[in-house]
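Observations on the model geometry
Single-letter residue listing:
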Amino acid sequence: MKILMVLTSHDKLGDTGLKTGFWLEEFASPYYVFKDKGYELVLASPAGGQPPLDPKSDEADFQTPATKRFHQDIEAQAHLANTQVLSQVDDADFDAIFYPGGHGPLWDLAEDKDSIGLIEQFHANGKPVGLVCHAPGVLRHTRGSDGQPLVKGKKVTGFSNSEEEAVQLTEIVPFLVEDMLQENGGLFAKGDDWTSFVQVDGKLITGQNPASSEAVAQTLIEQLS
């Protein structure tokens with residue numbers, strides 16, 4: 001079985017002059033959950049090649065067993081450095097799709113027509129769609145087969161307003177994930193800040209924050225098996 005992991009290509013944190021990108025734990029933890037179960041992994045991003053890492057996610061305070069393993073894994077680092085161009089990916093080749101978060105996806109993947117189309121196809125074909133932390137933001141413009149927002153009437157979660165406020169980026173991000181999901185009719189719920197919390201509605205699996213990454217990946221595997 002093959003899983004497509006989609007990462008951001010966006011590295012600018014608004015007009016702050018700071019860098020952003022994908023969050024390391026939200027990539028590394030699911031990557032090894034999938035890999036250790038024997039799934040074939042294909043990585044893709046809008047620009048292809050090396051996706052930008054949010055430098056904050058690589059600080060000492062945010063290291064986990066999975067991120068430490070990644071830093072010792074030359075093969076995984078090479079895999080990440082050579083992501084496929086998202087527009088050249090065919091949904092028919094995969095059994096599930098997974099999106100790590102980080103703030104980057106709010107700028108590029110949320111507006112990317114190839115990403116939107118892939119998610120709509122995976123969902124329409126009954127294939128699991130997993131998204132964690134800021135990645136549920138990529139559902140902003142996705143539609144169901146009825147033409148309504150894909151999240152309308154569905155149980156969802158994502159990086160909460162209170163968590164965004166805690167990292168002092170409420171006024172920097174292009175939109176707030178929690179607000180957007182609710183405005184699109186999603187049945188948004190959240191756990192305590194920074195604790196693992198997952199919502200499952202059919203084949204749509206969303207996680208609230210970095211701590212939810214492994215649980216989302218495990219839930220996706222349960223659906224595949």
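In case you missed it, the structure is sitting above this.
Residues numbered from 1 in each chain as written. Predicted model: local features only at pLDDT ≥ 70, side-chain atom pairs only at ≥ 80, totals over all residues. Heavy atoms only, no water.

1. A few points about unusual backbone geometry
What counts is decided by this rule: The rule is simple: take the accessible area with a 1.4 Å probe, protein chains only, and divide by the maximum for that residue type; under 20% is buried, over 50% is exposed, in between is partly exposed. Helix and strand definitions follow DSSP, with helices as H or I runs of at least four residues and strands as E runs of at least two, each counted in order from the N terminus.
Here the phi dihedral of Cys 133 falls at roughly 65°; this positive angle occurs in a residue that is not glycine. With relative accessibility at 2%, the residue Cys 133 sits in the buried group. Of note in the backbone geometry, Trp 194 takes a positive phi value of approximately 70° without being a glycine. With respect to the helices and strands, the residue Trp 194 is situated in the loop between strand S7 (187-188) and strand S8 (198-201).

2. Description of the pairing of strand S2 (residues 40-45)
The side chains of a regular strand alternate, residue by residue, between the two faces of the sheet. Basically, it comes down to this: By definition, two strands form a pair when at least two bridges between them are found by DSSP. Handedness of a crossover is defined as follows: with both strands directed away from the viewer, a clockwise route from the first strand across the helix to the second makes it right-handed.
Judged by how many residues are buried, S2 sits mostly within the fold: 5 of 6 residues are covered. Here strand S1 (residues 2-6) pairs with S2 via 5 bridges, running parallel. Paired with Lys 2 across the bridge in S2 is Glu 40. A crossover links S1 with its parallel partner S2, the connecting element being helix H1 (residues 24-36), and its sense is right-handed.

Geometric values such as these leave the question of function open.
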